Amino acid sequence: MKITNPPQMRRAWKRSVGLSHGSHYPAPTLSPWCTLNDRMKPHHRFLLLTLLASPSFAQGLEYVKAHYTKYEFQIPMRDGKRLFTSVYIPKDASEKYPIMLDRTPYSVGPYGVDNFKPSLGPSEKFACEAFIFVYQDVRGRYMSEGEFRNMTPHLAVKRGPQDVDESSDTYDTIDWLIKNVPNNNGNVGMWGISYPGFYTSAGIIDAHPALKAASPQAPIADWFIGDDFHHNGTLYLPHMFRFFANFGHPRPDPIVPSDAPPQAPAAQQDAYSFFLSLGPLSNVNEKYFKNDVPFWTEITQHPAYDEFWQSRDLRRHLKNIKPAVMTVGGWFDAEDLFGALNTYQAIEHNSPGANNILVMGPWFHGGWARGDGEALGNVRFGSKTSVFFREEIEFPFFNYWLKGKGDPKLPEAFVFETGANRWRKEDAWPPRDAQQKTLYLRANGKLSFDAPAESGAPFDEYISDPAKPVPYINGQAPGMTREHMVEDQRFASSRTDVLTYISDELSSDVTLAGPLTASLFVSTTGTDSDWVVKLIDVYPETYPDPDPNPTGVHMGGYQQLVRGEPMRGRFRNSYSKPEPFTPGKMEKVEWVMPDIDNCFRRGHRIMVQVQSSWFPLVDRNPQKFVDIYNAKLTDFTKATQRVYRGAGAASGVKVHVRTVM
């Protein structure tokens, strides 16, 4: 249905809900969940949700169809291209509603005004409260016109109507919506997870005045430094391969998902064997993508942090932000943890007057939006953290800014402290009371806050063999798992190509809150090398097993990964100007690892592991300074790696220790 004249649209809308001019549609009968939920006090409501969080309490297709009318529009942009947009309007015409906008490259389907989404908004509470929900295919995706560009570069200066980006497309969309969609109250909110989170971040730049609140959730910020496919110059191979095998093929004309081209072959169940047998990265195109995934080709042509990647770094443009912003991320998000933390920090730095808050929970990618958030893999968090977020943080945020209802009094940072398993409200992130210290790598595999006193250049060494890389999990999986972010590292501790350092048993709790910095003094017999640092929480032998215990895991002595992050050594001095190592020469390699908020409990121990491969999560470094995307099999060679730990070259991990309980 295409209507561009506002009065015409309003008349059509009233006809669709059985109204004549001047009449009002009686308030629909809500589902029992919605009416009970609205009558309850907040603490009773949360108890109900905690007890009854299950699919049976989701909105459901019939509820959506009974309470909303769907429209479809091609909304014109300033350059004449039209973006396909689905709009769900409450049938109750007795009040005006704010608009909730989600812009996505993943399809707004189902298509057709008679085909409805089974749920609307960020969570079930939104449809019960009633908003106007808008979903849009971004430029060049599915049914929208124009050319799609991955992580569209932002144009800080626009010289005419042909200069468009995601900020301008969002502005034009909102401008059209508030002028043409009936019964809107003039307020707009945006949300999106992952790639849609990127579009939400782009939308708050030079924002339309009607955009009052936005929540970038796990937003992509930089695809070379830390999000998704690259971490500090390394390539997250299975994640890239599986994503672009589905997403990366060109779309010459608008299509619905059923008309999409066939998918490329994906990795088999044993990704370790699959990617090892793949050989050099040049075989990705030769064997699988067949030059039909343009962005993969572009990746291979830009192996360093040049203008291609820098132009896609949205952080530098997050200035003069007007809407209220709530950035959301998961401590165990394997995809866009970097984006959440750095989007918040960029707004803090570039737009100090903005209403800007951060929420971090113990979640995998998008885990706050589905499920109960009570556990990840073998690690449990003691409460239904996702339910709490949706009910007590996310919904109150939007309801306050868009409807003026209540005041959630959200703190600057609402963060979940893993280990102690509790929510904390902070007036700054990182916490103001956190003091910087260093966990030093010491002789005989010891780890300590005390700096080494040994003179000379003592070191530990291992042989890194690209033909036998260190696996990132102790088992098989077809790609990158969610659970590897809390994986038991006991399997890695026994390998000769992994250095392990462990503290004494802790006599009191030690809470690390904020960013980590791996700081290593190293040498290699090769001319390039990767360095992987892992921070691990070692449970006491008396730690109880779960009950029931269907997987038979033994939690006593469990070595839980808290944070792991790789660094491609050639970028140790500059991501834009890679440099080879001089074989045998000691050099400093230092990089920032994503923040944590973890309490290492009394009786636990802290562990750090250092290695040079993490496969197939991270692509193999040939350990020879060559263009890795065009490396030959003969370029891959063994190397002896040394990590120094003396007084003049003290390797360790810089941390922030919380001093207030």
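In case you missed it, the structure is sitting above this.
Notes on the structure follow. (Residues numbered from 1 in each chain as written. Predicted model: local features only at pLDDT ≥ 70, side-chain atom pairs only at ≥ 80, totals over all residues. Heavy atoms only, no water.)

Let us now look at the packing of aromatic side chains. Describing an aromatic ring pair means giving the distance of the ring centres and the angle of the ring planes. For the structure shown, the criterion picks out 60 aromatic pairs. Residues Tyr195 and Tyr199 carry aromatic rings whose centres are separated by 5.4 Å and whose planes lie at 15 degrees to one another, so their mutual orientation is stacked. Separated by four residues within a single helix, Tyr195 and Tyr199 lie in helix α7 (residues 195-203), roughly one turn from each other. Side by side, Tyr195 and Tyr199 carry an identical accessibility label, which is buried. Ring geometry for Tyr400 against Trp401: centres 5.2 Å apart, planes inclined by 80 degrees, an arrangement best described as edge-to-face. You can call Trp401 partly exposed: its relative accessible area is 31%. Here Arg312 stacks its cationic end above the ring of Phe308, 4.2 Å away from the centre of that ring. Over the aromatic face of Phe636 sits the side chain of Arg620, whose NZ or CZ is 4.6 Å from the ring centroid. (Phe/Tyr/Trp six-rings, centres within 6.5 Å; stacked < 30°, edge-to-face > 60°. Helix = DSSP H or I, 4+ residues; strand = E, 2+ residues; numbered from the N terminus. Buried < 20%, exposed > 50% of the residue type's maximum accessible area, 1.4 Å probe, protein only. Lys NZ or Arg CZ within 6 Å of the ring centre and 35° of its normal.)

Counted under the stated rule, the structure contains 37 salt bridges. Ionic pairing is found between Arg315 and Asp313, a salt bridge with its closest N-O pair at 2.9 Å. According to the relative accessible area criterion, Arg315 is buried, its value standing at 18%. Look at Asp313 and you get buried, because its relative accessible area is 5%. (Salt bridge = Lys/Arg side-chain N within 4 Å of Asp/Glu carboxyl O.)

Here we take up the sheet that holds strand β3 (residues 97-104). In spatial order, the strands read β1-β2-β4-β3-β5-β6-β9-β10-β13-β14; together these 10 strands make up an open sheet with mixed pairing. Edge positions in the open sheet fall to β1 (68-76) and β14 (422-426), since each of these has one partner strand only. Put simply, the sheet's adjacent strands are angled 20 degrees from each other on average, direction ignored. In terms of strand pairing, strand β6 (residues 211-217) meets strand β9 (residues 324-330) through three bridges, oriented parallel. Its bridge partner lying in β9, Gln217 is registered against Val328. With respect to the sheet, α7 is in contact with β3, β5 (184-193) and β6, its orientation differing from that of β5 by roughly 135 degrees. Packing of helix α14 (residues 385-403) onto the sheet brings it into contact with β3, β5, β6, β9, β10 (356-361), β13 (413-417) and β14, and relative to β6 it is tilted by some 160 degrees. (Pairing = 2+ DSSP bridges. Axes fitted to C-alpha atoms, helices over the stretch in contact; angles between N-to-C directions. Contact = heavy atoms within 4.5 Å.)

Here the focus is the side chain of His230. On the secondary structure map, His230 appears in strand β7 (residues 230-231). A residue is classified by how much of its surface remains accessible, and His230, at 1% relative accessible area, is buried. One polar contact links the side chain of His230 to the main-chain carbonyl oxygen of Trp223, over a distance of 2.8 Å. Apart from residues lying up to four places away in sequence, His230 is in contact with Trp223, Phe224, Ile225, Leu235, Ile299, Trp309 and Tyr629. (Polar contact = N/O pair within 3.5 Å; in protein donor to acceptor, adjacent residues only side chain to side chain.)

Attention now moves to unusual backbone geometry. For the bond running from Trp429 to Pro430, omega is -5 degrees, close enough to zero to count as cis. Summarising the element assignment, Pro430 is placed in the loop between β14 and β15 (435-441). Note that the residue after Phe615, namely Pro616, is joined by a cis bond; omega there is 0 degrees. With respect to the helices, strands and loops of the structure, Pro616 is situated in the loop between β23 (605-611) and β24 (639-646).

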